[in-house]
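Secondary and tertiary structure notes
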Amino acid sequence: MSYVIPKETYSGNVLSLEFGKAPKSVKIGGENTLPFLSFEGSIPNKPVIAYEIQDITPDDWPDTVKAQYAFCSDNPVKWAQHCQNKLKAQAISLRLIGTHPDRGDRSAGDVAKIVKDVLSAVDVPLIILGSNHIEKDASVLVAAAEAASGYNCIIGKAQEGNYKTVVAAALAHKHKLIAMSELDINLAKQLNILITQMGFDKERLLTDPMCSALGYGLEYTYSVMERIRLAAIMQNDVTMQPPIVGDVGMYVWKVKETFASESDVSQWGSIEERGVAWEAVTAIAMLIAGTNLLIMRHPKAVETVRKTIEELV
Amino acid sequence: MALSGVEIFKLLPKTNCKKCGFPTCLAFAMALAQGKTELAKCPDVSEESKRVLGEASAPPIRTFFLGTSEKAVKLGGETVLFRHDKKFFNPCVYAVNVKDTLSNDELNEKIEEVLTSEIDRVGQKLRVDAISIEFASGNSSQYESAVKLISQKAPDTAIILNCKDPSAAEVAVRTIADKKPLLYCANEGNTGAMTNIAKTHKIPLGVYAKGLSELSVLTEKIKGMGVEDLVIDSGAEKAKDMLELNTQIRRSALKKNFKPLGYPIINFVLREDPIFETCVAGIAAAKYASIIVLSSIEKWKNLALFTLRQNIYTDPQVPMQVEQKIYKIGEPTVNSPLLITTNFSLTYFMVSGEVENSKVPAYLAVMDCEGLSVLTAWAAGKFTAGKIVQFIKDSGVENQISHRELIIPGQVAILSGAIEDKLEGWKITVGPREANGIPTFLKSRPA
Ligand code: SF4
């Protein structure tokens, strides 16, 4: 018996998508093989990591990650510049958490100004996210999309409860769009279908099947993503071919492994590295399952995941 | 790949003697193909047929134990490429690599690290399962004494003899052969000698070759010499090669029933930066390694890697539920708030996490709704006023708290009137719609 490389023949591919403006625009997706398996297909673009920044100083992030931005997190413009200039961010993800009714309830007017300020301060591509409040996001994302008109941003997230408004805004201002559903491949598929039925090109769409942190449901996200990728590549299911987003930082930095002090749980070791490893390992699992675009917080985690991506291509 | 009834029939004596309890050889063959009887029931089957049938019915990836203590770990035996297809069965082993050039004090420190690595996570005891002892000194008596020391101080921990020099290996194996260490490894240059040691002492053998073609040739050769408990190393150094070759090995074994690669995989992921090493180990854990050898085992790193392994190896068919009960978050008192939610495990994780973030100690009543989230459970008639009232009464929470206020999820605000009607003396408060609103909600309540 002699060895023959067991290659699969795939019929589908992940759609490729470009966001931001030249010369700093970024391309993701486009592969016609399973994650990192280039022995049986091509992977034209590497996964990209966007640094998360927020419109208000985060008070719910653990100290270890807050400290990384202590000198700039009071101002989204400074924060964005720091990510671009010092941390060499490939992309930035602005989360408008201050618009949440419980977190300051900022108006759509405020949003427009912040978005414009950030856009004029940096030239790397921008992702603009709401606060994950379904009703409020509808108005916030409309204002954000308009303010960012012409910048070819990614906006999100469109969910079942607000997609009509959000899709219309992304359409009108020519942005890319994240469609998010909650950990169910059928819901993800259905939302993609509903959105494309509104005349939104699937080539402009990204799928967020909902992230979860290591130890807190990671396996569900992992398997939903793997199944979405298999449907796209093996079954050539065109509704499952948009690139996948992993909104990692937001889920990771609220689990207790990332903030419990060493004196409380001595068997868990150093809090500093523990948090970084938690975010990095969550991100790695997402990448192996098929994520094309990661949103992350801690610079050391981003740097390590980038280094790992370099070893994977 | 299992043989069909007809294929099995061709290997039987075809005398229809009925000694197996079946009317004909064909009937017996059919039953055998379906796993309803065993080959031993036919007394007349030839040795050659036994061998062929035995091989065909062997699992596609060989399964055996590493170590001999009650902490011995099962390797191999996987049946699928993707966890959602069924499940991954035998969690990978994490081993730490230790050089024999370390001083006794340093060795003792490492051993201590391994012995205290055990962590309890959601009811499972997780630990560093093995120590890989590297022959770095070039001195076989130094190697032997390091091996001795480790096996005495960590008697239950499995040992990997990371030594390519047959004479040093022979000495070390002799001292601990009863512990069934894994001998790592046979390669192109030492195949005969290493295989002989493994065969003589009946221990598993690691096999190393650069590339899978070369590796297949080597495993066949070693099997021919009589050692079959093998662990294979493709020689991958970059993460990319590791992922691709591990995938090709698993696929060859499962989809092509290619026996020369039907063995558990070992990956050395040694990197200088411990966080980077954690990431590369994570790839190996997700994609098909059975033994992952690390250069360091910091507590934070173990926690992350144990948790990942637990996530990857959980059974995807088991519904995502947590136990119905009143959970304490922080150290609640009789005056602490009481919230209710459903037992969908992600709902539970999110709600309990946000309550924890609020730093307000609280009780969380988690009600069995067959693993459905709040809105779905409500729509399915499982999270209704009547059922909530019954659960609160039966839970005994009335003895734990002195107040009578229940906070319900904002998504089922509609239930508040009905619950208040049925739960006498209670006040129902509508909480936030989304879990991320909980910290603000709890913090803004008068203490
Ligand atoms: S005992 Fe063997 S030879 Fe006899 S009928 Fe059964 S299978 Fe055939």
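For the structure itself, consult the block above.
Because the structure is predicted, anything quoted here is derived from the model rather than measured.

**Digging into the overall build of chain A**
Along the backbone of chain A there are 10 helices and 10 strands. In terms of overall size, chain A behaves like a compact globule, its C-alpha atoms giving a radius of gyration of 19 Å where 313 residues would be expected to give roughly 20 Å. Based on the C-alpha atoms only, the size of chain A along its principal axes is roughly 65 × 55 × 35 Å. Within the span of chain A, comprising 313 residues, buried residues form 64% of the whole. In chain A, of all internal contacts separated by at least 6 residues, the share reaching a separation of at least 24 is 68%. Looking at chain A as shown, the accessible area adds up to about 10600 Å², and 50% of this sits on carbon and sulfur atoms. Here chain A carries 31 positive and 37 negative side-chain charges, and the mean point of each set is 6 Å from the other.

**Focus: the packing of helix α5 (residues 140–153) of chain B against helix α6 (residues 166–176) of chain B**
All names here are of chain B. Contact geometry for α5 and α6: axes closest at 9 Å, N-to-C directions at 25°. Considering their axes alone, α5 and α6 lie roughly parallel with respect to each other. Considering only the axes of α5 and α6, their crossing is right-handed. Across the interface between the two elements, Ser140, Tyr143, Glu144, Val147, Lys148 and Ser151 from α5 touch Ala168, Val171, Ala172, Thr175 and Ile176 from α6. Looking at the contact of α5 with α6, its residues break down into six nonpolar, three polar and two charged.

**Things to note about the pattern of salt bridges**
One pass over the structure, following the stated rule, counts 44 salt bridges over all chains. Residues Glu8 of chain A and Lys255 of chain B are paired through a salt bridge, measuring 2.6 Å at the closest nitrogen-oxygen approach. Residue Glu8 of chain A is located in the segment before β1 (16–19), and its partner Lys255 of chain B is located in helix α9 (residues 239–255); the two belong to separate chains. The residue Glu144 of chain B makes a salt bridge to Lys148 of chain B at a minimum N-O spacing of 3.8 Å. Linking Glu144 of chain B with Lys148 of chain B, this pair stays in helix α5, spanning four residues, or about one helical turn. For Lys148 of chain B, a relative accessible area of 38% translates into the label partly exposed. Each of the salt bridges in this network shares a partner with another, and the network as a whole consists of Glu52, Arg95, Lys157, Asp208, Asp247 and Arg297 of chain A.

The rules behind the values
Residues numbered from 1 in each chain as written. Chains lettered and ligands numbered in written order. Predicted model: local features only at pLDDT ≥ 70, side-chain atom pairs only at ≥ 80, totals over all residues. Heavy atoms only, no water. Helix = DSSP H or I, 4+ residues; strand = E, 2+ residues; numbered from the N terminus. Rg over C-alpha atoms; globule rule 2.2 N^0.38 Å. Buried < 20%, exposed > 50% of the residue type's maximum accessible area, 1.4 Å probe, protein only. Contact = heavy atoms within 4.5 Å. Areas by Shrake-Rupley, 256 points an atom, 1.4 Å probe, with all protein chains shown as cover. Lys, Arg positive; Asp, Glu negative; His and termini not counted. Charge placed at Lys NZ, Arg CZ, Asp CG, Glu CD. Axes fitted to C-alpha atoms, helices over the stretch in contact; angles between N-to-C directions. Parallel < 35°, antiparallel > 145°, perpendicular 65-115°, else oblique. Left-handed = near helix turned anticlockwise from the far one by under 90°. Nonpolar A, V, L, I, M, F, W, Y, C, P; charged D, E, K, R; others polar. Salt bridge = Lys/Arg side-chain N within 4 Å of Asp/Glu carboxyl O.

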